[in-house]
Amino acid sequence: MWQDLSRRPENGSENLPAIRAISVVYRGPYPGVEAGYNQIFSYAKENNLETLSPDRELYFNNPEEVSEEELMTEIQVPIKEK
């Protein structure tokens, strides 16, 4: 079940530390988000970049308000030169 934790008083906004990353915005049902990761890992391999952890997923909309096909997730995977 989706919960918008940003609306809870104890959960304000949070600034994430800056990172060098490959980023992809995936549109579609959450179970298909692996396709976005596959694009990132392929790009990293083709460009001689090493992927690091942890990755980030940012959710732009709410599954209770839009259809699965309209869900948007930004995937960020930190990288460094090999």
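Before reading further, recall that the structure is shown in the block above.
Residues numbered from 1 in each chain as written. Predicted model: local features only at pLDDT ≥ 70, side-chain atom pairs only at ≥ 80, totals over all residues. Heavy atoms only, no water.

Considering the environment of Leu49
Stage number 1. Relative to the elements of secondary structure, Leu49 occurs in strand 2 (residues 49–51).
Stage number 2. Ignoring sequence-local partners within four residues, the contact set of Leu49 consists of Arg20, Ile22, Tyr43, Ala44, Ile79, Lys80, Glu81 and Lys82. (Helix = DSSP H or I, 4+ residues; strand = E, 2+ residues; numbered from the N terminus. Contact = heavy atoms within 4.5 Å.)

Some details on the side chain of Asn62
Stage number 1. Relative to the helices and strands, Asn62 is located in the loop between strand 3 (56–59) and strand 4 (72–81).
Stage number 2. Looking at Asn62, its side chain comes within polar contact range of the main-chain nitrogen of Glu64, at 2.7 Å. (Polar contact = N/O pair within 3.5 Å; in protein donor to acceptor, adjacent residues only side chain to side chain.)

Some words on the pattern of salt bridges
Stage number 1. By the definition in use, this model includes two salt bridges.
Stage number 2. For Glu81, the salt bridge is made with Arg20, and the minimal N-O distance between the two is 3.1 Å. Residue Glu81 is found in strand 4, and its partner Arg20 is found in the segment before strand 1 (21–27); the two are separated by 61 residues along the sequence.
Stage number 3. A salt bridge links Lys80 to Glu50; the nearest nitrogen and oxygen atoms lie 3.9 Å apart. Placement of Lys80 in strand 4 and of Glu50 in strand 2 is noted, with a sequence separation of 30 residues between them.
Stage number 4. Given a relative accessible area of 40%, Lys80 falls into the partly exposed group. (Salt bridge = Lys/Arg side-chain N within 4 Å of Asp/Glu carboxyl O. Buried < 20%, exposed > 50% of the residue type's maximum accessible area, 1.4 Å probe, protein only.)

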